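Architecture at a glance
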Amino acid sequence: MTETKRITMREAISQALWEEMERDERVFILGEEVGVWGGTYAVTKGFYDHFGPERVKDTPIAEAAIIGAGIGAAMVGQRPVAELMTINFAFAAMDHIVNEAAKLRYMFGGQFKIPLVIRTVGGGGRQLGATHSQTPDAIFAHFPGLKVVSPGTPYDAKGLLKAAIRSDDPILFIEHATMYQVRGEVPVDEDYTVPIGKSTIQRPGSDVTIVTYSKGLELSTKAADQLAREGIEAEIVDLRTLRPLDMEPVITSFKKTNRAVVVEEGWRSFGVGSEIASRIYEEAFDYVDAPIQRVAQKEVPLPYNRTLEQAALPQVEDIVKAVKEVL
Amino acid sequence: MRQVFPQADCEKINGIRNTIGNILSGVIMEIQEHLDLYYQMVLIRRVEERGAELYQAGKIGGFMHLYIGQEAVSTGLVAARKPQDRFITAYRDHGLALNVGIPAEQVMAELLGKSTGISKGKGGSMHMADVEKNFWGGHAIVGAHLPLAAGLALGDQYAKNDSVTVCMFGDGATNIGFFHEAVNLSKVWKLPVLWVCENNQYGMGTAVERASAVSEIRQKAEGYGIPNERVDGMNVLAVKEATAKALDYIRAGNGPYFLEMITYRYRGHSMGDPERYRESDEVKKWQENDPIGIYHARLLTEKIASQEEFDAIDARVAEEVQAAVQFAEESPEPAMEELFADVYVE
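Residues numbered from 1 in each chain as written. Chains lettered and ligands numbered in written order. Predicted model: local features only at pLDDT ≥ 70, side-chain atom pairs only at ≥ 80, totals over all residues. Heavy atoms only, no water.

Attention now goes to the pattern of salt bridges. Side-chain pairs of opposite charge can arise whenever the charged atoms involved come near each other. The tally for this structure, following the rule as stated, stands at 38 salt bridges over all chains. One salt bridge connects A:D225 with A:R203, and the closest N-O pair in it is separated by 2.8 Å. A residue pair is termed long-range when its members are at least 10 positions apart, and A:D225 in helix α8 (residues 215–229) and A:R203 in strand β9 (residues 200–203) qualify at 22 residues. On the accessibility criterion, A:D225 (34% relative accessible area) is partly exposed. By relative accessible area, which is 19% here, A:R203 ends up buried. Between B:D130 and B:K133 there is a salt bridge whose closest N-O contact spans 3.4 Å. Using a relative accessible area of 7% as the deciding quantity, one classes B:D130 as buried. Where salt bridges share partners, they join A:E19, A:E20, A:R23, A:K158, A:K162, A:R166 and A:D191 into one cluster. (Salt bridge = Lys/Arg side-chain N within 4 Å of Asp/Glu carboxyl O. Helix = DSSP H or I, 4+ residues; strand = E, 2+ residues; numbered from the N terminus. Buried < 20%, exposed > 50% of the residue type's maximum accessible area, 1.4 Å probe, protein only.)

For the rest of this paragraph, the subject is the side chain of B:D232. Here B:D232 shows up in strand β7 (residues 228–232). The exposure class assigned to B:D232 is buried, which follows from its relative accessible area of 0%.

Counting 82 residues, the largest nonpolar core has A:I276 and B:W195 as the members making the most contacts within it. In this structure, B:L77, B:A207, B:V283 and B:I304 belong to the second largest nonpolar core, which totals 77 residues. (Core = buried A, V, L, I, M, F, W, Y, C linked by side-chain atoms within 4.5 Å.)

Quick look at the packing of aromatic side chains now. Using the criterion set out here, one finds 17 aromatic pairs over all chains in the structure. A centroid spacing of 4.4 Å and a plane angle of 15 degrees characterise the contact between A:Y155 and A:Y192, whose relative ring orientation is stacked. Here A:Y155 is found in helix α7 (residues 154–166), whereas its partner A:Y192 is found in the loop between β8 (183–187) and β9, with 37 residues between them in sequence. Relative to B:F179, the ring of B:F169 has its centre 5.7 Å away and its plane inclined at 65 degrees; by these criteria the two rings are edge-to-face. Within this pair, whereas B:F169 is found in strand β3 (residues 165–170), its partner B:F179 is found in helix α8 (residues 177–188), the two being separated by 10 residues in sequence. Look at B:F179 and you get buried, because its relative accessible area is 0%. Put simply, the rings of B:F169, B:F179, B:W195 and B:F258 touch in pairs and so form one group of aromatic residues. In this structure, B:K122 is placed above the aromatic ring of A:Y106, and the distance from its NZ or CZ to the ring centre is 3.8 Å. The lysine or arginine in question, B:R316, covers the ring of B:Y39, its NZ or CZ lying 3.9 Å from the ring centre. (Phe/Tyr/Trp six-rings, centres within 6.5 Å; stacked < 30°, edge-to-face > 60°. Lys NZ or Arg CZ within 6 Å of the ring centre and 35° of its normal.)

We now examine the confidence of the model for chain B. All names here are of chain B. When pLDDT is averaged across chain B, the result is 92; 92% of the residues are at 70 or more. A low-confidence stretch, residues 1–23 (pLDDT under 50), is modelled with 40 contacts involving residues beyond four sequence positions or located in other chains. Predicted as a complex, the structure gets a pTM of 0.94 and an ipTM equal to 0.96. (pLDDT = per-residue confidence, 0-100. Contact = heavy atoms within 4.5 Å.)

Once that is clear, we can look at a nonpolar patch on the surface. A contiguous nonpolar patch, built from B:M336, B:L339 and B:F340 and spanning about 400 Å² of accessible area, is present on the exposed surface. Relative to the helices and strands, B:L339 resides in the segment after α14 (307–330). (Patch = residues over 30% accessible without salt bridge, like charges linked within 9 Å, V, L, I, M, F, W, Y side chains within 5 Å. Areas by Shrake-Rupley, 256 points an atom, 1.4 Å probe, with all protein chains shown as cover.)

Our focus in this paragraph is the sheet that holds strand β6 (residues 147–149) of chain A. Residue and element names in this part refer to chain A. Reading across from one edge, β3-β2-β4-β5-β7-β6-β12 is the order of the seven strands in this open sheet, with mixed pairing throughout. The outermost strands of the open sheet, each flanked by one partner alone, are β3 (56–58) and β12 (241–243). Ignoring strand direction, the axes of neighbouring strands in this sheet form an average angle of 20 degrees. Pairing analysis gives six bridges linking strand β5 (residues 117–122) to strand β7 (residues 171–176), with the strands arranged parallel. Each residue of the ladder has a partner; that of T120, found in β7, is I174. (Pairing = 2+ DSSP bridges. Axes fitted to C-alpha atoms, helices over the stretch in contact; angles between N-to-C directions.)

Before going further, it helps to examine helix α13 (residues 291–301) of chain B. A turn of α-helix holds 3.6 residues, and therefore any two residues three or four places apart point the same way. Turning to α13(B), its buried residues number three or more, namely B:P291, B:I292, B:Y295 and B:L299. The buried residues of α13(B) occupy an angular sector of 90 degrees when projected down its axis, which confines them to one face. (Arc of directions from axis to C-beta.)

Turning our eyes to something else, we now look at the interface of chain A and chain B. Taken residue by residue, the interface counts 46 residues in chain A and 40 residues in chain B. When the two sides are added together, the surface that chain A and chain B hide from each other amounts to roughly 3,500 Å², 65% of it contributed by carbon and sulfur. Sorting the residues of chain A by area buried against chain B places A:Y106, A:F108 and A:Q111 first, and these three jointly supply 18% of that buried surface. Run the count over chain A and chain B and you get two salt bridges. Between A:R105 and B:D342 there is a salt bridge, and its shortest N-O distance comes to 3.4 Å. Remark: the boundary between chain A and chain B carries 25 residue pairs in polar contact (both at pLDDT 80 or more). Put simply, the parts of the chain that give the side of chain A that touches chain B at least two residues each are β2 (27–31), β3, α3 (63–75), α4 (94–101) and α5 (104–107) of chain A. With nine residues, the single largest contributor to the side of chain A that touches chain B is α3(A). Along the lines of polarity and charge, the residues of the side of chain A that touches chain B split into 20 nonpolar, 11 polar and 15 charged. (Buried area = accessible area lost by both parts, 1.4 Å probe. Polar contact = N/O pair within 3.5 Å; in protein donor to acceptor, adjacent residues only side chain to side chain. Nonpolar A, V, L, I, M, F, W, Y, C, P; charged D, E, K, R; others polar.)

Dropping the structure here:
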């Protein structure tokens, strides 16, 4: 049995970066406050002193330059990890993510490889107001050529980030701002990766399928605990990667439970839930026993006031209610 | 209101030429090299003239931006490179593609969207690249390739090699944020990049002075503390000379350099440009300064080459272009499997 240790999401991500930088000299970090400051979420604390300024590069506040330079360095064989302080700032680099990173390989007939990881932080719940609290994951998952990964456990965060750094494709790696203290078992001294583009069952159950990822996993797990006390066994499928989307565990689970709730933190319209529900209807229509429910953020810019903010974000009770709706 | 290009600017360019002096006699070059530069410029022009015809005939789709009039810039730049130096440019990329050595066949085939095109027919006019020849594209979003250029240079700086990235862009690109982010970063990190602004006087149909706070684009580099100069972009030797100096400066580890090439495009911004923004007299004035014409005349006057040699080159180019068109027209369409190929590596 592999020895494991209970560590935080922050430690898991930090370990993945550290180990990959030790393993491969081509890996370096660039971004705002990643070096001297140690990362605004303290993920790269200690990196600057250990790896030096050439491998932990503090950039100007210039998101297009951060991502553009990351793409260019990746094109000529380095393996940069470009950090966007939050996903809200990705809009300032949208052209480079969407028009360059996602398209250059295809558009030039396969001549380029872009082994770039864009690490960023999304999500609300910290009273940062509407511009700093978004969960726009679905927007990025819309573009062929880009991969979008968003882990829900420390084990997956570490394994997926290591896989992302070793991948030759551009990958947007989205962490959640309120999950850095989430703890989980992670193998000690084991160089493992988690495959990108594979969904997984995080909790087995037979009555209903909850499909979710990232922060939604934490909420759904709490909801499942509550439901279990009432004798309802929910099966939780964690997508982990939004593009390419692996529907197999979702469909398998749904064919067993015939009922599904999709939980995401982003807005409901045109969101992850819409995509998952459509695919279930397309691929398993004969197994549908109840309309699929979507739990998502209310359709407003996220307000500052704590009560209003929480009212807009999906809550455990919303998931419990949605599950009871489909049963 | 119609914009008339001021006579003064043509004089300014002649002024630049005079200060550079008689470059032809000042630079020692093999006769063959002179003839090769002439050949490359003529090749670009003839390939594009045929391209324009094929476009009119409906054989080329999408947007097509011709380089005609600006041939001396990319030709002079490439003439000064070392093989390890990387090139990246915007969407007006046929000239550079030919200069770095992509065969005219593959350029023409890409224009026609054929499987034998340099980007397998999936990029088109604006997206040509050849990694083998250190040509990193043809990029269609104005200014967006400048951060990429900073990244190519960053990759080389990180690898501690002596490559320099040459990044070409138009005057219009210097008004977008990408330019400022990339140029600033290049100076902060002392990146080995040569910024080359091709000031062809218009960003689409908007004259430089109507769009840029400073009409001397090089002043923007000055603002970031980057050494810079204006160069007569109609004179291939002036371009080559200035580029060689700049590359030496960068390769010595001094950080970026900025060249503003004063040039002019004879054709519209792209095919189908009604050209309401300029008078035909203005185009004619610039054509008196034609990069191929003045070079040809000078090589003849200074008895470096004979008219027979030029005739031979012209004939060779005509043949090459004809062969390229035939190759492109006879090449197969991309296979349907190609539709899903190369979205990802894995």
